[in-house]
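The residues making up each chain are set out below.
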Amino acid sequence: MLSIKNLSLGLGDHHGQLSPKQWLQQYQKKCQKEPPCLPSCSTSCSTSTSSGYPLLSTCYETIGDDMPSVWHCAKYINIPYRSKLTERIEPGQTLIIRGKTIDESKRFNINLHKDSPDFSGNDVPLHLSIRFDEGKIVYNAYTKGAWGKEERAKNPIKKGDNFDIRIRAHDSKFQVSINHKEVKNFEHRIPLNSVSHLSIDGDVVLNHVQWGGKYYPVPYESGIAADGLVPGKTLVVYGTPEKKAKKFNINLLKKNGDIALHFNPRFDEKSVVRNSLVNGEWGNEEREGKNPFERLTAFDLEIRNEEFAFQIFVNGERFASYAHRVDPHDIAGLQIQGDIELTGIQVVNNTPSQ
């Protein structure tokens, strides 16, 4: 585990008035005394076991402006799946589960447990049962030896379809989203800090399990550790545009403050502007393609740095390529601004383009 110190710039309410160059200069001065605050890391997962159950292992490590945010993933995802969490789930963190149902699916279940990933009598703070035979999703909790009152909702997942289920923890509730749409807020019946294990079973094929993130401030500003976002690395941003969002932007900064990539979805204009700021001057805008972002709809944005261009993906689909206008080996900072809620930020190794 890397040892990371607090790298809050202490710019107070005036940071929004600084140019990218001024902000990065202040960041770099602070970095001369402390480690950078967004370490680049690998997507490889460690393999270890505890009490007979595989650990949901540390897979990515990302740092925010004030505290570490460690991402964890599963390497082996057989059904039934049982796992012990390496750390307690904290408010702001999100559990991400992706998979595919089969045409004969009747139901599958996701459970967050206390003390052991089974139903041997220990509490179950969250039981989420996707039932195709009833056309419903059932939410419940098991405490003091008994099931509580079921909460039911329509099942938006179809047999044979891929799915993306996210459970975000808050102080008072679990926020559940399916295929990037919020579907349920389940109030805690058992304290969040009691969750120690995860189980998934039923008629389902899993291909991705991870959890991490935190509450992020917006505007968000961070440096990128080691060599920065060099070719071979990918920036991943998880977020949701606000209900009345007009625009938001993501800036990748060079060490001298130039903006290597300005990525700017604009809802009123129904476009996504890409541009660069070099020597204090904006270049020609690129606007090709429709705006794939929707208000109140979560997204996964990947910006892959390759030798000749940024490859940009939204929710796993290729959106655009942006040819480099500056040296792609010199990206040292990140800014995120505008009408957006952030739920996760990662720097990982590139995966092969599709």
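Look up a bit, the structure's there.
Here we summarise the structure given alongside this text. (Residues numbered from 1 in each chain as written. Predicted model: local features only at pLDDT ≥ 70, side-chain atom pairs only at ≥ 80, totals over all residues. Heavy atoms only, no water.)

## Overview of the overall build of the protein
Counted only if it meets this: A helix here means a DSSP run of H or I that spans at least four residues, while a strand means a run of E at least two residues long, and both kinds are numbered starting from the N terminus. Only protein chains enter the calculation, and the probe is 1.4 Å; a residue is then buried if its accessible area is under 20% of its type maximum, exposed if over 50%, and partly exposed in between. We call two residues contacting when some pair of their heavy atoms lies within 4.5 Å.
Along its length, the protein carries one helix and 26 strands. Residues classed as buried in the protein amount to 54% of the 354 residues present. When contacts within the protein are restricted to residue pairs at least 6 apart in sequence, those whose partners lie at least 24 apart make up 65%.

## Here's the deal with the sheet that holds strand 22 (residues 299-305)
The strands making up a sheet are joined through hydrogen bonds of the backbone, oriented either antiparallel or parallel. Threshold: In this analysis, strands are considered paired if DSSP registers two or more bridges between them. Axes here refer to lines fitted to C-alpha atoms; in helices the fit is confined to the stretch in contact. Angles between the N-to-C directions go from 0 to 180 degrees.
The five strands are arranged 24-23-22-17-26 in an open sheet whose pairing can be described as antiparallel. The open sheet has two edge strands with one neighbour each: strand 24 (317-323) and strand 26 (340-349). Strand-to-strand twist across the sheet, computed as the mean angle between neighbouring axes with direction ignored, equals 20°. Pairing between strand 22 and strand 23 (residues 309-314): five bridges, direction antiparallel. What sits directly across from N305, in strand 23, is F310.

## Some details on the packing of aromatic side chains
Selection criterion: Classification of ring pairs rests on two measures: the distance between centres of Phe, Tyr or Trp rings, Trp counted by its six-membered ring, which must be within 6.5 Å, and the angle between planes, read as stacked under 30 degrees, edge-to-face over 60 and tilted in between. To sit over a ring, a charge needs its Lys NZ or Arg CZ within 6 Å of the ring centre and within 35 degrees of the ring normal.
According to the stated counting rule, one finds twelve aromatic pairs in the structure shown. Consider the rings of Y139 and F186, whose centres lie 6.5 Å apart with planes at 25°: the pair is stacked. With Y139 in strand 8 (residues 136-143) and F186 in strand 13 (residues 181-187), this pair connects stretches of sequence that are 47 residues apart. Judged by relative accessible area, Y139 falls into the buried class, the value being 1%. We classify F186 as buried; its relative accessible area is 0%. Where F248 meets F267, the ring centres are 6.4 Å apart and the plane angle is 40°; that geometry is what we call tilted. Here F267 lies in the loop between strand 19 (259-266) and strand 20 (271-278) and F248 lies in strand 18 (residues 248-254), a separation of 19 residues in the sequence. Note on accessibility: F248 and F267 belong to one class, buried. Taken together, the aromatic side chains of F248, F263, F267, F293, F299 and F319 make up a single cluster linked through ring pairs. K184 extends its terminal NZ or CZ atom over the ring of Y139, reaching a point 5.6 Å from the ring centre.

## Concerning the pairing of strand 16 (residues 220-223)
A two-sided burial pattern is seen for strand 16, the buried positions comprising Y220 and S222 on one face and E221 and G223 on the other. Pairing of strand 16 with strand 25 (residues 331-338) involves four bridges; the strand directions are antiparallel. Paired with Y220 across the strands is I336, a residue of strand 25.

## Here we look at unusual backbone geometry
Backbone torsion omega between V218 and P219 reads 5°, so that peptide bond is classified as cis. Even without being a glycine, K270 presents a positive backbone phi close to 55°. Locating K270 in the fold gives a position in the loop between strand 19 and strand 20. With relative accessibility at 68%, the residue K270 sits in the exposed group. Phi angles above zero are rare outside glycine, and L296 is one such case at about 60°. Note on placement: L296 falls in the loop between strand 21 (281-282) and strand 22.

## Details of the sheet that holds strand 18
With respect to topology, six strands assemble into an open sheet ordered 16-25-18-19-20-21, the strand pairing being antiparallel. Edge positions in the sheet fall to strand 16 and strand 21, since each of these pairs with one other strand and no more. Across seven bridges, strand 18 lies against strand 25 in antiparallel orientation. Paired with L253 across the bridge in strand 25 is G333.

## Brief notes about the pattern of salt bridges
Between side chains of opposite charge, pairing is possible as soon as their charged atoms come close. Cut-off, in case you're wondering: When a carboxyl oxygen of Asp or Glu lies within 4 Å of a side-chain nitrogen of Lys or Arg, that pair is called a salt bridge.
Within the structure shown, the criterion is met by 21 salt bridges. Note that R98 is salt-bridged to D164, the shortest N-O span being 3.0 Å. One end of the pair, R98, is in strand 5 (residues 94-101); the other, D164, is in strand 11 (residues 162-169), and 66 residues separate them in sequence. Note on R98: relative accessible area 21%, which makes it partly exposed. Relative accessible area serves as the criterion here: at 6%, D164 is assigned to the buried category. Between E269 and R287 there is a salt bridge, with its nearest N and O atoms 2.9 Å apart. Note that E269 is positioned in the loop between strand 19 and strand 20 and R287 in the loop between strand 21 and strand 22, a separation of 18 residues in sequence.

## Side note on the side chain of Q175
Applied cut-off: For this analysis, a polar contact is any N or O atom pair within 3.5 Å, provided that within protein one partner can donate a hydrogen and the other can accept it, and provided that sequence-adjacent residues contribute only side-chain to side-chain pairs.
Tracing the sequence through the fold places Q175 in strand 12 (residues 173-178). Polar side-chain contacts of Q175 include one of 2.8 Å to the side chain of E182. Once you skip the residues sitting within four places of it in the chain, Q175 turns out to touch R166, I167, R168, H170, E182, K184 and N185.

## Some words on the environment of Q335
Inspection of the secondary structure assignment puts Q335 in strand 25. Here the alpha-carbon distance between Q335 and N251, two residues 84 residues apart in the chain, equals 5.0 Å.

## Topic: the pairing of strand 12
In terms of burial, strand 12 is a largely internal element, five of the six residues being buried. Bridge count between strand 11 and strand 12: five bridges; the pairing is antiparallel. Residue R168 lies in a different strand from strand 12, and its bridge partner there is Q175. Counted between consecutive antiparallel strands, the loop separating strand 11 from strand 12 contains three residues. When strand 12 meets strand 13, the two strands line up antiparallel, connected through six bridges. Following the sheet pairing, Q175 is matched in strand 13 by N185.

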